[in-house]
Amino acid sequence: SQILSVNRQLIQIAQASGPGTVIGSTVAALVAEGRQCVCLWAGDSRVYGFRGGKLSRLTRDHSQVEELVERGHLSAAEAMQHPEANVIYRAVGQDEDLEVDAIVYDIHYRDKFMLCTDGLTKELDDTEIATILASGDCHENCRDLMDRVLGRECRDNVAVIVVDINPPLD
């Protein structure tokens, strides 16, 4: 679909730029209909769910350090400081046979979802994010998250989207 189309375009642009050139990007997407949504992602951009005051990471990074954390070789804190923390093995524009992971998630009235790049999660921990998502609407949440991140060293690019499930579900 759109992600696969962008993948093909990035590969064509990179090939025209010269041998060995790669133009890539991570992606996280949320598609909702009725009482369910689908989270799609490639790389280390993330989708989080926020329900009843609890923040839950719904996606799994496609990175070398994530593999080390899952195998118990690194803690989450050690992974953040690892010299290869930015090495990802899946991204849009990286490979003609792009694999995009997907999960289906049930949604409830008053749920929130946050889609973000790793620049945000490198600067804010889950407790800080949950505190911000606990009050205000999605516009206020995005502004507060960005203000908090940009008030720090901010070592990476940052993008964030917050989605409120406000209308009662049919």
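Everything that follows concerns the structure shown earlier in this document.
A. Layout of the nonpolar core. Counting 17 residues, the largest nonpolar core has M114, L120, I129, L133, L145, V160 and V162 as its most contacted members. When neighbours within four sequence positions are excluded, I129 is seen to be in contact with L55, M114, L120, T121, L124 and L145. Of all hydrophobic cores here, the second largest spans nine residues; its members include C37, V47, L58 and Y105.

B. Examining the packing of helix α5 (residues 126–133) against helix α6 (residues 138–150) more closely. Relative to each other, α5 and α6 sit at 145 degrees, their axes nearing to 9 Å. Here α5 runs over α6; the crossing is right-handed. Along its contact with α5, which presents E128, I129, I132 and L133, the element α6 presents N141, D144, L145 and R148. Considered class by class, the residues forming the contact of α5 with α6 number four nonpolar, one polar and three charged.

C. How the structure looks around the pairing of strand β6 (residues 112–116). With respect to burial, β6 is a largely interior element, five of its five residues being buried. Neither face of β6 is exposed, since K112, M114 and C116 on one face and F113 and L115 on the opposite face are all buried. Note: strand β3 (residues 46–51) against β6, five bridges, orientation antiparallel. Considered in β6, the bridge of R46 is made with C116. Inspection of the sheet shows β6 paired to strand β7 (residues 160–164) by five bridges, in the antiparallel sense. Residue pairing across strands places K112 opposite D164, the latter belonging to β7.

D. Fine view of the sheet that holds strand β2 (residues 36–42). The three strands lie next to each other as β1-β2-β5, forming an open sheet whose pairing is antiparallel. The open sheet terminates on both sides in strands that have one partner only, identified here as β1 (27–33) and β5 (101–106). Ignoring strand direction, the axes of neighbouring strands in this sheet form an average angle of 20 degrees. With six bridges joining them, β2 and β5 adopt antiparallel strand pairing. Paired with C37 across the strands is Y105, a residue of β5.

E. Inspection of the pattern of salt bridges at higher detail. Going through the model one piece at a time under the given rule, you end up with 14 salt bridges. In this structure, R51 and D111 form a salt bridge, with 2.7 Å as the shortest nitrogen-oxygen distance. Separated by 60 residues along the polypeptide, R51 in strand β3 and D111 in the loop between β5 and β6 bring together distant segments of the chain. In this structure D111 comes out as buried when scored by relative accessible area, which is 3%. Close ionic contact of R152 with E128 constitutes a salt bridge, the shortest N to O distance being 2.3 Å. Within this pair, whereas R152 is found in the loop between α6 and β7, its partner E128 is found in helix α5, the two being separated by 24 residues in sequence. A relative accessible area of 32% means that R152 is categorised as partly exposed. Each member of the salt-bridge network shares a partner with another, and the members are R60, E67, E70 and R71.

Procedures and definitions
- Residues numbered from 1 in each chain as written.
- Predicted model: local features only at pLDDT ≥ 70, side-chain atom pairs only at ≥ 80, totals over all residues.
- Heavy atoms only, no water.
- Core = buried A, V, L, I, M, F, W, Y, C linked by side-chain atoms within 4.5 Å.
- Buried < 20%, exposed > 50% of the residue type's maximum accessible area, 1.4 Å probe, protein only.
- Contact = heavy atoms within 4.5 Å.
- Axes fitted to C-alpha atoms, helices over the stretch in contact; angles between N-to-C directions.
- Helix = DSSP H or I, 4+ residues; strand = E, 2+ residues; numbered from the N terminus.
- Left-handed = near helix turned anticlockwise from the far one by under 90°.
- Nonpolar A, V, L, I, M, F, W, Y, C, P; charged D, E, K, R; others polar.
- Pairing = 2+ DSSP bridges.
- Salt bridge = Lys/Arg side-chain N within 4 Å of Asp/Glu carboxyl O.

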